[in-house]
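Chains, contacts and geometry: an overview
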Amino acid sequence: MITKQAIEAFGSIRTPFYYYDMELLKETLKVYTSYTKKFGYNAHYAIKANAEPRILQTICKAGLGADCVSGNEVKIAIKNGFAPSKIVYAGVGKSDREIKTALKAGIFSFNCESVPEIRIINDLAAGMGVVAKISLRVNPDIDAHTHKYISTGRKEDKFGISPWEFQAVADLLKELKNIKLIGLHFHVGSQILDMSVFPLLCRMVEQLQSWFIDKKIKIDNINLGGGLGVDYQNPDQNPIANFKDYFELIHKNLIVRPGQKIHFEPGRAIVAQCGHLISRVLYVKIGQKMKFVILDAGMNDLIRPALYQAHHDIENLVSTGKKTKYDVVGPVCESSDKFAHNIWLPETKRGDLMALHTAGAYGQVMAMRYNQKDLAKAYYSDEIIK
Ligand SMILES: *Cc1c(COP(=O)(O)O)cnc(C)c1O
């Protein structure tokens, strides 16, 4: 929900820009951490969802650690206050440079995605005279029933180590002196709204970890990744993700061994709803069949609709005119630069301020300069509303 005062303040800001509702971010974190505290869970925010410094600092202050997928994310996390002891680092293609960055920082855990990667981390750690703590990212072969580009836990996906490789890993652990296995890691996909995925994940975790426990290999940490979805259709009615059902389901279904610590890596569910892409209408073009609202924001600012056919709720912040059907498109020279097809909006004209909601996750962070467009800047509710 964007307030009247905010809309007034938008008048003097050059569009397009990202607007962050810091009250909502803080409230979301409050609800999230109420459950992690209640159940004694650890959380690491997935920095790839949104890496704006103010967002990171707010999340860090709420007590979360960081989940990184590149060496630069590890650096950014530390720069914005996250303790290395709360940083985890995943990714199928960690470069030698990136691994060294993380070793130097002394992060909590490398979430390893292949057997060759474990060998390289061991060799680099040996070269630096340190022992790297690693977890195995396990591919549990679960279909999270989400979009095919954001599904990561099926056996045909590139992520993680499969159960048939466990013996090879167990042999390696005996052989390699500069790695220490501290846990198992799972992350099966993103924008998961089908809650039945999570009990299934808990059962898979139990099955997979018993393989190690049977071999007397201790698993001190279980990391269940992120992936909880948010309501892109009704952001005003559901501004905070369903953390209650999520955590209660996991608490009920996960078998926790004595002394074991449970970790999570939320990304989208923390930051999606607090972010909005604010844009102005450049033209309304009347076609033979369609009316096109042409925005000054495009796929260069928010690529999710073009990349995943994602839906973002669109609101005309200033018009109360008669409802009309429109296509809403951006200025970029690509047919996929389209935000919505055949949607009802109040009568819209040049200069109207428009909001694309639920844009806080995988929005600004994926922006690019295609067509040599400027990058949209970030503005924060507590800075522009006095
Ligand atoms: C992207 C990612 C996450 C966060 O996923 P969300 O769907 O944004 O919650 C968590 N863990 C890993 C390893 C990731 O790659």
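In short, a report on the structure. The shown structure was predicted, so the numbers you read here are calculated from the model rather than taken from an experiment.

Analysis parameters
Residues numbered from 1 in each chain as written. Predicted model: local features only at pLDDT ≥ 70, side-chain atom pairs only at ≥ 80, totals over all residues. Heavy atoms only, no water. Helix = DSSP H or I, 4+ residues; strand = E, 2+ residues; numbered from the N terminus. Buried < 20%, exposed > 50% of the residue type's maximum accessible area, 1.4 Å probe, protein only. Polar contact = N/O pair within 3.5 Å; in protein donor to acceptor, adjacent residues only side chain to side chain. Contact = heavy atoms within 4.5 Å. Near = heavy atom within 4 Å. Areas by Shrake-Rupley, 256 points an atom, 1.4 Å probe, with all protein chains shown as cover. Nonpolar A, V, L, I, M, F, W, Y, C, P; charged D, E, K, R; others polar. Core = buried A, V, L, I, M, F, W, Y, C linked by side-chain atoms within 4.5 Å. Phe/Tyr/Trp six-rings, centres within 6.5 Å; stacked < 30°, edge-to-face > 60°. Lys NZ or Arg CZ within 6 Å of the ring centre and 35° of its normal. Pairing = 2+ DSSP bridges. Right-handed = clockwise from strand over helix to strand, strands pointing away. Salt bridge = Lys/Arg side-chain N within 4 Å of Asp/Glu carboxyl O.

What follows covers the side chain of Ser135. Along the polypeptide, Ser135 turns up in strand S6 (residues 132-137). Relative accessible area serves as the criterion here: at 4%, Ser135 is assigned to the buried category. There is a polar contact of 2.8 Å between the side chain of Ser135 and the side chain of Ser109. The residues contacting Ser135, other than those within four sequence positions of it, are Ser109, Phe110, Asn111, Cys112, Leu181, Ile182, Gly183, Leu184 and His185.

As a further point, take the site of the ligand. Around the ligand sit 15 residues in total, of which Lys48, Ser190, Glu265, Arg268 and Tyr362 are the nearest. Asp67 is positioned with one of its side-chain polar atoms (N or O) 3.0 Å from a nitrogen atom of the ligand. Burial of the ligand by the protein amounts to 94% of the accessible area it has alone, namely 390 Å². Partitioned by chemical class, the residues of the shell around the ligand number four nonpolar, six polar and five charged.

Here we take up the nonpolar core. Residues Ile59, Phe110, Ile118 and Leu136 are the most contacted members of the largest nonpolar core, which totals 104 residues. When residues no more than four places from it in sequence are discounted, the contact partners of Leu136 are Cys112, Ile118, Ile161, Val169, Leu181, Gly183, Leu184, His185 and Phe212. Ile7, Phe10, Ile278 and Leu353 belong to the second-largest nonpolar core, a separate cluster that totals 13 residues.

A separate point is the packing of aromatic side chains. Aromatic rings in a pair are described by how distant their centres are and how their planes are angled relative to each other. Under the counting rule described, the total for this entry stands at 19 aromatic pairs. Plain terms: the ring middles of Tyr246 and Phe264 are 5.8 Å apart, the flat faces sit at 65 degrees to each other, and that makes the pair edge-to-face. With Tyr246 in helix H9 (residues 243-253) and Phe264 in strand S9 (residues 261-264), this pair connects stretches of sequence that are 18 residues apart. Here Tyr246 falls in the buried class, since its relative accessible area comes to 4%. With relative accessibility at 0%, the residue Phe264 sits in the buried group. One aromatic cluster is present, built from ring pairs that chain together Tyr32, Tyr35, Phe39, Tyr41, Phe198, Phe243, Tyr246, Phe247 and Phe264. Against the face of Tyr89 rests Lys94, its NZ or CZ located 5.4 Å from the ring centre. Across the ring face of Trp211, the terminal group of Lys215 is positioned such that the distance to the ring centre comes to 4.2 Å.

A word on the pairing of strand S3 (residues 65-68). Burial of the side chains of S3 extends over both faces: Gly65 and Asp67 are buried on one face and Ala66 and Cys68 on the other. Bridge count between strand S2 (residues 42-46) and S3: three bridges; the pairing is parallel. Bridge pairing in S3 links Tyr45 to Ala66. Handedness of the crossover joining S2 and S3 through helix H3 (residues 53-61) is recorded here as right-handed. As paired strands, S3 and strand S4 (residues 87-89) are joined by three bridges and run parallel to one another. Paired with Cys68 across the strands is Tyr89, a residue of S4. Tracing the backbone out of S3, into helix H4 (residues 71-79) and back to the parallel element S4 gives a crossover that is right-handed.

In terms of backbone geometry, most residues other than glycine have negative phi values and most peptide bonds are trans. With omega at -10 degrees, the peptide bond leading from Thr15 into Pro16 counts as cis. Relative to the assigned elements, Pro16 resides in the loop between helix H1 (4-10) and strand S1 (17-20). At Lys216, a residue that is not glycine, the phi angle is positive and equals roughly 65 degrees. Among the secondary structure elements, Lys216 is positioned in the loop between helix H8 (197-214) and strand S8 (221-223). The phi dihedral of Asn342 falls on the positive side, at around 55 degrees, and the residue is not glycine. Assignment of secondary structure puts Asn342 in strand S14 (residues 338-346). Using a relative accessible area of 34% as the deciding quantity, one classes Asn342 as partly exposed.

Turning our attention to the pattern of salt bridges. Tallied over the entire structure, the rule returns twelve salt bridges. Of the charged contacts, one joins Glu117 and Lys94 as a salt bridge, the two residues approaching to 2.6 Å between their closest N and O atoms. You can see Glu117 sitting in helix H6 (residues 115-128) and its partner Lys94 sitting in the loop between S4 and helix H5 (96-105), a full 23 residues away along the chain. We classify Glu117 as buried; its relative accessible area is 7%. Overall, the relative accessible area of 10% leaves Lys94 in the buried class. The partner of Arg137 in a salt bridge is Glu113, and the shortest N-O contact between them spans 2.9 Å. Taken together, the residues span a long stretch of sequence, with Arg137 in strand S6 and Glu113 in the loop between strand S5 (109-112) and H6 at a distance of 24 residues. Salt bridges linked by common partners bring Arg14, Arg369 and Asp374 together as one network.

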